[in-house]
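Residue strings, one per chain:
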Number of protein chains: 2
Amino acid sequence: MATSVNLLTQQAYQIPDSLDDSEAIEEFLSRNKEKKVVVVQGLGFVGAVMSIVCANALTEEYAVIGVDLANENTYWKIKSINDGIFPLISDDPKIEEFFERSREQGNLLATYDPVAYKYADVVIVDINLDVKKISEECGVLKEFDVDLSGFKAAIRSVGAHCRDNVLVLVETTVPPGTCENIVKPIIEDQLTQRGLTTAKYRLGHSYERVMPGPEYIDSIREFPRVYSGCNVASADAIEAFLNTIIDTSICDLTRLEHTNATEMCKVLENSYRAMNISFAIEWSRFSEEAGVDLYAMVNAIRARKTHANLMYPGIGVGGYCLTKDPLLASWARKSFFGSDSDLSMSVNSVSLNDQMPGFAFERLINVFGDIAGLKIAFLGVSYRGDVGDTRFTPVEKLVRLVEDAGANTVLHDPYVSYWQEMDRRIESCLDTVLSLDVDVIVISAGHSEYKSSKAIVKLLERESIKIYDTIGLLSNEQISLLQEKHKVSVLGRGDL
Amino acid sequence: MATSVNLLTQQAYQIPDSLDDSEAIEEFLSRNKEKKVVVVQGLGFVGAVMSIVCANALTEEYAVIGVDLANENTYWKIKSINDGIFPLISDDPKIEEFFERSREQGNLLATYDPVAYKYADVVIVDINLDVKKISEECGVLKEFDVDLSGFKAAIRSVGAHCRDNVLVLVETTVPPGTCENIVKPIIEDQLTQRGLTTAKYRLGHSYERVMPGPEYIDSIREFPRVYSGCNVASADAIEAFLNTIIDTSICDLTRLEHTNATEMCKVLENSYRAMNISFAIEWSRFSEEAGVDLYAMVNAIRARKTHANLMYPGIGVGGYCLTKDPLLASWARKSFFGSDSDLSMSVNSVSLNDQMPGFAFERLINVFGDIAGLKIAFLGVSYRGDVGDTRFTPVEKLVRLVEDAGANTVLHDPYVSYWQEMDRRIESCLDTVLSLDVDVIVISAGHSEYKSSKAIVKLLERESIKIYDTIGLLSNEQISLLQEKHKVSVLGRGDL
């Protein structure tokens, strides 16, 4: 019998055979009479948090039902929410606070039964939509595809149960054109099949700008948003709903003319960021070749306001968005709009960013020589400073390359205890790791703890070692100090 | 006998047979005894202005000699300066003011005689260094090269005459590595050949950020600068010199560690800008295909500080820098540093930007149909708003494409009376052009005059016409007004 393991508690749950959870849903709704019902589809990094944001709406008390699939990867989240354990580790105290309040209010339920959509005034679509990177040549991305079958099935599941006057708000990052070409026809087809009118439902798109980290909740509630509807009535309904959960005294809502526009806006935004990172990657390699310090150059250039978004070099891109959104855009341009042109700058960004851990590895070998048999400690496995998110972290590739080259690794991260993608336990005590008998320390994530003077003192206490800063975490002062004893190399800087 | 025509006055000068101008130089120096001598090599858009900035230095009165070649393209500039006509049209009133003051002081001379370098305390190198775009396939840049022979000859000319304790400041945008690999060996070789010591000369690099336009002078004097020297004594000397001409109470001087670094900094800075423009190009085409408004998206995204440099779409890139600097970088990476990797993001930027006028033409045809036999007016031929600079303007390509398609053109620009590259007279009266019997008006440069309500009123007075705004100059309000009567299309916007 299939089970699903809670990644936080390691508790194993039996996955039920039947999808019938109607008793729990009806009981929940009987306790939440006269509240509008918001159903959040998908309980991942966005949906789980969106659920508690809705359950703590600013101007209305909603009955919120989070829906996910009853499979190995997601069933445990449903159980965990209902058992009172929020299915994400976060250092934003508001997460716990909001979750607790929704439990006290009794206005949050999680379920796997799609019958939940039947009761929804609002359905928020927060499921994943992945890109499959099919082939590469010498590290350069050659072929990729977007498989919409899972997404279509999810929308069908909404359409098969929803009321004819439901408001569907798509938040998933989708290929531009998806609401018009995919969501709208599916919903209308399902309504028609059930003999219902297609004149009353409303559909729109608005994307979140969630940032896992200490301001997780605020990054939803207090961050400007764009939105659109497939017609004016839909746009009005989306606006009215967003006004109940977003603090518009702090941030603006901007209406765009069409769902194509908001969908494009999201992937454009992330493509811009991915491009800036990939640009830094190429110049960091050039600056290493020319023996100069890219950080100093970037600082000098950023003094110009027109150049303030120029980025520092780094180990690459991680997370769920920047690694795929430019590809969604490119795919849509060809598939939905029949263009024979690529978005070459955006697609090349993803390809370059994916190669960066390989470049970082090359430099490690160039500077420190053969690493076979060496013991190498990595400080940080998440893809972002002070965040415990390891999805698509570039550190994964670098660790694999280092291990493939015959080195042994020790991994540290204060925000990650278990690294799911690598199935590895992660050290949490920095003091211990810095005292270990290792040959090389690789600084691979920008966690504040690594910049602390305590960490530097600890490093200075030990025998000579090799230190490879892949993200420019160390200050010039710290580098000078460390260089008195250790060999220090910084990615994006020529010889120090 | 060869002549050189003054582009401002149309006066033709006979080019002298002999390079001997020593009498004028000696007379000039006898009038400027005890002043330090600054020789500016190159009297183009940077050198000419740099000459008057140095002649009006903040803390010292220099004797300034501008040197250029006695050939058809440049000899007239020498004559023009000595005759009291500054060889550039500019709407910066300081240009005339600085030039007049240097004439009153008698501390500015222009010459073609390289013997001038013999007297220099400081030589500032402000000559051009071009990239040759060799081949393309379907508009995509395939092959390019950098020919250093002219640059090398210029440096040899300095080295052949200069004192052994000269300070050479290279301001030309060069492939990173040029000071170290080209300038230094040539100067040392020339000094050695003349039996002089190579221990005393000083050499460094600092790039200007000149912006032709109403703040031409301030863009040199009051804009932050980076600089470097080939050794510490050189860097110190450069710093001391810059302090005499740059207003460091307003802007910072930043020392970088190596000439490689400042040289790279310049091309990095411009590559970043070129990349942002090319990014907008691809997305503007996508937004047209998807029928949405890229301007609205960019506005929504720019609300994020991390995305503030995202650019609006446009007709392409012009000017002397962005069209070639990324290629200088790529060339240097391979030629000076032996890398087998390209700077793909930067090189692709140039290629895309070069294609943009072609894309703008395609859209013109798509929206307005066949243009054969039509009369089309272009508003603006320069590459930048409120500036009269036509070097590499993208309007040139668009005009040629339109004419090749069988249309007749009328060209207007308030800042350009004669378009050198096209050998065309340019209309200067907007009223007249807007009253002409034309079929299409293309807004092709962002001059303020075109945005004025007077221009809009004039447009509304006439019969229905087609208006193609290639640079997003019109406001939404203006578009609504114009649409009542005319067919309006904006590049980067779907159907309005």
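Here's what I pulled together on the structure shown here.

Conventions adopted
- Residues numbered from 1 in each chain as written.
- Chains lettered and ligands numbered in written order.
- Predicted model: local features only at pLDDT ≥ 70, side-chain atom pairs only at ≥ 80, totals over all residues.
- Heavy atoms only, no water.
- Phe/Tyr/Trp six-rings, centres within 6.5 Å; stacked < 30°, edge-to-face > 60°.
- Helix = DSSP H or I, 4+ residues; strand = E, 2+ residues; numbered from the N terminus.
- Buried < 20%, exposed > 50% of the residue type's maximum accessible area, 1.4 Å probe, protein only.
- Lys NZ or Arg CZ within 6 Å of the ring centre and 35° of its normal.
- Salt bridge = Lys/Arg side-chain N within 4 Å of Asp/Glu carboxyl O.
- Axes fitted to C-alpha atoms, helices over the stretch in contact; angles between N-to-C directions.
- Left-handed = near helix turned anticlockwise from the far one by under 90°.
- Contact = heavy atoms within 4.5 Å.
- Nonpolar A, V, L, I, M, F, W, Y, C, P; charged D, E, K, R; others polar.
- Core = buried A, V, L, I, M, F, W, Y, C linked by side-chain atoms within 4.5 Å.
- Pairing = 2+ DSSP bridges.
- Right-handed = clockwise from strand over helix to strand, strands pointing away.

**Quick look at the packing of aromatic side chains**
A full pass over the atoms with the stated rule returns 24 aromatic pairs over all chains. The interplanar angle of 50° and the centroid separation of 5.8 Å between the aromatic rings of Trp 283 of chain B and Phe 286 of chain B together place this pair among those described as tilted. Of the two residues, Trp 283 of chain B and Phe 286 of chain B are both situated in helix H9 (residues 259-290); the distance of three residues between them amounts to about one turn of the helix. Each of the two residues, Trp 283 of chain B as well as Phe 286 of chain B, counts as buried. Among the aromatic residues, those joined into a cluster by ring pairs are Tyr 272 and Phe 337 of chain A together with Phe 279, Trp 283 and Phe 286 of chain B. The ring centre of Tyr 312 of chain A lies 4.0 Å from the NZ or CZ of Arg 302 of chain A, which sits over that ring. The lysine or arginine in question, Arg 391 of chain A, covers the ring of Phe 45 of chain A, its NZ or CZ lying 3.5 Å from the ring centre.

**Points about unusual backbone geometry**
Residues and elements named next belong to chain A. Residues other than glycine seldom take positive phi values, yet Asp 386 does so here, at roughly 60°. With respect to the secondary-structure elements, Asp 386 resides in the loop between strand S13 (375-379) and helix H13 (394-404). One non-glycine residue, Phe 392, lies in positive phi territory at about 55°. Secondary-structure assignment places Phe 392 in the loop between S13 and H13.

**Examining the pattern of salt bridges**
Two side chains bearing opposite charge may form a pair once their charged atoms approach each other closely. All names here are of chain B. Enumeration according to the criterion identifies 46 salt bridges over all chains in this entry. One salt bridge in this structure joins Asp 354 and Lys 133, with 2.9 Å as the shortest N-O distance. Of this pair, Asp 354 sits in helix H12 (residues 344-368) while Lys 133 sits in strand S7 (residues 131-137); the two residues are 221 residues apart in sequence, bridging distant segments of the chain. Looking at Lys 133, the relative accessible area reads 33%, which means it is partly exposed.

**Overview of the packing of helix H5 (residues 149-161) of chain A against helix H6 (residues 178-193) of chain A**
Residue and element names in this part refer to chain A. At a minimum axis distance of 8 Å, the contact between H5 and H6 shows a crossing angle of 40°. At the point where H5 passes H6, the crossing takes the right-handed sense. Contact with H5, carried on its side by Phe 151, Lys 152, Ile 155, Arg 156, Val 158, Gly 159 and Ala 160, involves Thr 178, Ile 182, Val 183, Ile 186, Ile 187, Gln 190 and Leu 191 of H6 and no other residues of that element. A class-by-class count of the residues in the contact of H5 with H6 yields nine nonpolar, three polar and two charged.

**Points about the nonpolar core**
Of all hydrophobic cores here, the largest spans 145 residues; its most connected members are Ile 65, Phe 151 and Trp 283 of chain A together with Ile 65, Phe 151 and Trp 283 of chain B. It is H9 of chain B that provides the largest number of residues to this core, a total of 11 residues. Not counting residues up to four positions away in its chain, the partners in contact with Phe 151 of chain B are Val 125, Ile 127, Leu 129, Thr 172, Val 174, Thr 178, Ile 182 and Val 183 of chain B.

**Some thoughts on the pairing of strand S9 (residues 167-170) of chain A**
Residue and element names in this part refer to chain A. The two faces of S9 match: Leu 167 and Leu 169 on one face and Val 168 and Val 170 on the other face are all buried. Pairing geometry for strand S6 (residues 122-125) and S9, over four bridges, is parallel. Bridging across to S9, Val 122 finds its partner in Leu 167. Here S9 runs beside strand S10 (residues 202-206); their pairing, made up of four bridges, is parallel. If you follow Val 168 over to S10, its bridge partner there is Leu 203. Taken together, S9, H6 and S10 constitute a β-α-β crossover, and its handedness is right-handed.

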